[in-house]
Amino acid sequence: MAEPMSSGIRIEGLRKVYGQGDTAVEALKGVEMVVAPGEVVGLVGPSGSGKSTLLKCLGAVIEPSGGRMILGDEVIYDEGWRIGDLRALRRDKIGFVFQAPYLIPFLNVTDNVALPPMLAGVANREARRRALELFAALDIGHRAQAMPSQLSGGEQQRVSIARALVNRPPVILADEPTAPLDSERALSVIRILNQMAQQYQTAVIVVTHDEKIIPTFKRIYHIRDGRTHEEAGEGRLLA
Amino acid sequence: MISLAGRDIMHAWGKFLFTGLGLGLLIGVTLSMAGIYRGMVDDAMALLDNSGADLWVVQKDTLGPYAEPSSLNDDLYRGLLGMPGVAGAANVTYLTMQVRRDGSDVRALVVGVVAGGPGEPGQPRQLVAGRQITRNHYEAVADLASGFKLGERLQIRRHQYTVVGLTKRMVSSSGDPMIFIPLRDAQEAQFLKDNDAIVQQRRRTGQNPGFNRPGVPGLLEAVIAAQSSNSSVNAVLVRVKPGHSGEEVAEPIRRWKRVQVYTRQQMEGILIGKLIATSARQIAMFLVILSVVSATIVAFIIYTMTMGKIREIAVLKLIGTRNRTIGGMILQQALALGTIGFVVGKIVATFWAPYFPKYVLLLPGDAVRGFVVVMVICTLASGLAIRAALKVDPAEAIGG
């Protein structure tokens, strides 16, 4: 079905400073992180710890102040962006899953998912085929023609996972993807992310404070005061 | 590639349609204003066309007979008939007044023409019912817009007239319907004194010993008759012979010194450049204001619609949508809104044009120009929303 991806993400000494001079705030102070292809890791920390800043740096929407980021075999940041077209980088190499699904309300489910490959120049028919293939894997094939407003919260989140995966990115960044869901649906989403990560060999970073899903990770990065430290998780979901 | 603008419009078609309807009504008013101006110009042209004249001979140093009062002796036309190139010449009077009709009144341009001269300049054209004036008194030909019917009686000053003919599109430059009456009656109506003034004048004349001499019978009656009659007309309309130009025929008449001669082109210049110029400027001002209001409304609507989609725009940017695609989506929506508005505006303007009291002429050329202007306005108006959308940071899609 899907071809394996020899990717993953490695972050070395990533720093981010907001402002300058006396008003400068160092939000990230040398973050280290490695996520292998097919692996799902948790990124947890209290408010203001630097989670969102790290996510924005990883998502190439803000520029880090220093350090190094390697996506698959490609250095994308090394004391400066090494990629000219960040828009294309986000489109082709990074998948996003948000706290709320943020589906485009005026596109049906299939077109919501087919849009990223279409933006990358993939033919409409092929883009829709890829979307339908993901729907089958995510068990929402019967909702392919529905509008986002006709879906339940869990279904919408699965569609957003499909959208994140459709361009086969080496990494998916999931920002509180289970926050609006009840326990059962939250665990279902994590189960799907694990399944998709393995199936598509994608590295998945899940930012969360959701206590009910933290035990599902095999590895967890704790972030506090702009620094990360790694610890083993329970991996309960997969056991 | 999916048409994002098209999908968004189809998704919220009700909102879009009703917004377009509102905008359309505004565009309809704008088109109608342009139509009112065109109608005024057309009325002025119809006035000149329907006069059947090639030259207008009027009082020296006046712009008469439509723009300024003009008074000529009614014998002048005889001399004009003898000029080279003149095929016909006819006296004419014009008087804008309220014509009484069964207790109400109608504003009309009363035209005095020589009775029994069909084909002569000044005669009522476009006769759609009845006949021309054949008697020297108390017959009238009225335009349909006046509301009079054949056989109906109307009152001008103290005399009653029977409507013997009806015309169509015989109007003054201000759109008032024309009512044609015999020249003699029109001369009397134009210079008629009230009864008391006549009695007082007769009394004073009768008491004047110079007009009441013994041995000169009939002198007093002759003087009183002379005081009561009027030999002035407002203009002499001249038709030139085939093969002669208006200017060529006008040139020797101008040498008479005591009259002014206008060709068709000059009369058009007077009507459009002077008579309706202020109204035209007024309408132009309205058009500018309406265009600004339309642009503001389109800008506001598109801006509001865009601001309502900020999160979606941030997501679109985050997943790699080009700024050009997002800007194009907003521009297409603005143009679609303008197109809906224009179509609605054109339909309503066409629908309500006949109900305007004045002639509203909606020209296809004006519609095309209007459409182009609406598109330009929509393009400019979408600029604000596009600017706002392009400033949206894709990071806004990521919480925290």
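Whatever comes next refers back to the structure up there.
Let me sum up the structure you'll find in this document. (Residues numbered from 1 in each chain as written. Chains lettered and ligands numbered in written order. Predicted model: local features only at pLDDT ≥ 70, side-chain atom pairs only at ≥ 80, totals over all residues. Heavy atoms only, no water.)

Before going further, it helps to spend a moment on the packing of aromatic side chains. Overall, the coordinates contain seven aromatic pairs over all chains when judged by the stated rule. Ring centres of Phe98 of chain A and Tyr102 of chain A lie 5.5 Å apart, and the angle between their planes is 50 degrees; on these two criteria the pair is classed as tilted. The exposure class assigned to Tyr102 of chain A is partly exposed, which follows from its relative accessible area of 22%. Three or more aromatic residues joined by ring pairs form one cluster here, namely Phe96, Phe98 and Tyr102 of chain A. Here Arg101 of chain B stacks its cationic end above the ring of Phe148 of chain B, 5.0 Å away from the centre of that ring. (Phe/Tyr/Trp six-rings, centres within 6.5 Å; stacked < 30°, edge-to-face > 60°. Buried < 20%, exposed > 50% of the residue type's maximum accessible area, 1.4 Å probe, protein only. Lys NZ or Arg CZ within 6 Å of the ring centre and 35° of its normal.)

Our next topic: the layout of surface pockets. Which parts of space are left empty comes out when a probe the size of a water molecule is rolled across the atoms. Residue and element names in this part refer to chain B. Its boundaries defined by the atoms lining it, the largest pocket holds a volume of some 440 Å³. What lines the largest pocket is a set of 23 residues, among which Thr30, Ala34, Leu287, Gly370 and Val373 lie closest to the centre. When contributions to the lining of the largest pocket are tallied by element, the ones reaching two or more residues are helix 2 (13-51), helix 9 (277-307), helix 11 (323-352) and helix 12 (364-390). Looking at side-chain class alone, the lining of the largest pocket contains 15 nonpolar, five polar and three charged residues. Counted as a void, the second largest pocket has a volume near 360 Å³. In terms of lining, the second largest pocket is formed by 18 residues, of which the most central are Ala145, Val171, Gly175, Pro357 and Tyr359. Among the residues making up the lining of the second largest pocket, the classes are represented as ten nonpolar, two polar and six charged. A domain split of the lining of the second largest pocket shows at least three residues from each of domain 1 (4-44 + 278-397) and domain 2 (50-275). (1 Å grid on protein atoms, 1.4 Å probe; cavity = no way out; pocket = protein on both sides within 12 Å on 5 of 7 lines; lining within 4 Å. Points joined across faces, edges and corners; volume = space filled by probe spheres on them. Helix = DSSP H or I, 4+ residues; strand = E, 2+ residues; numbered from the N terminus. Nonpolar A, V, L, I, M, F, W, Y, C, P; charged D, E, K, R; others polar. Domains from an automatic or database assignment.)

So, on to the pairing of strand 7 (residues 153-156) of chain B. Residue and element names in this part refer to chain B. Taking every second residue as pointing to the same face, the buried face of strand 7 carries Leu154 and Ile156, while none of Arg153 and Gln155 on the other face is buried. Bridge count between strand 7 and strand 8 (residues 159-167): four bridges; the pairing is antiparallel. Counterpart to Gln155 in the pairing with strand 8 is Gln160. (Pairing = 2+ DSSP bridges.)

Overall, the coordinates contain 30 salt bridges over all chains when judged by the stated rule. Here Asp78 of chain A makes a salt bridge to Arg68 of chain A, at a shortest N to O gap of 3.3 Å. Taken as a pair, Asp78 of chain A in strand 5 (residues 74-78) and Arg68 of chain A in strand 4 (residues 66-71) lie far apart in primary sequence, ten residues in all. On the basis of relative accessibility, which here comes to 25%, the residue Asp78 of chain A falls in the partly exposed class. Asp111 of chain A is the partner of Arg7 of chain B in a salt bridge, and the nearest nitrogen-oxygen pair spans 2.4 Å. Of this pair, Arg7 of chain B sits in helix 1 (residues 4-11) while Asp111 of chain A sits in helix 3 (residues 109-119), on two different chains. A network of salt bridges, in which partner residues are shared, links Glu126, Arg129, Arg130, Glu133 and Arg168 of chain A. (Salt bridge = Lys/Arg side-chain N within 4 Å of Asp/Glu carboxyl O.)

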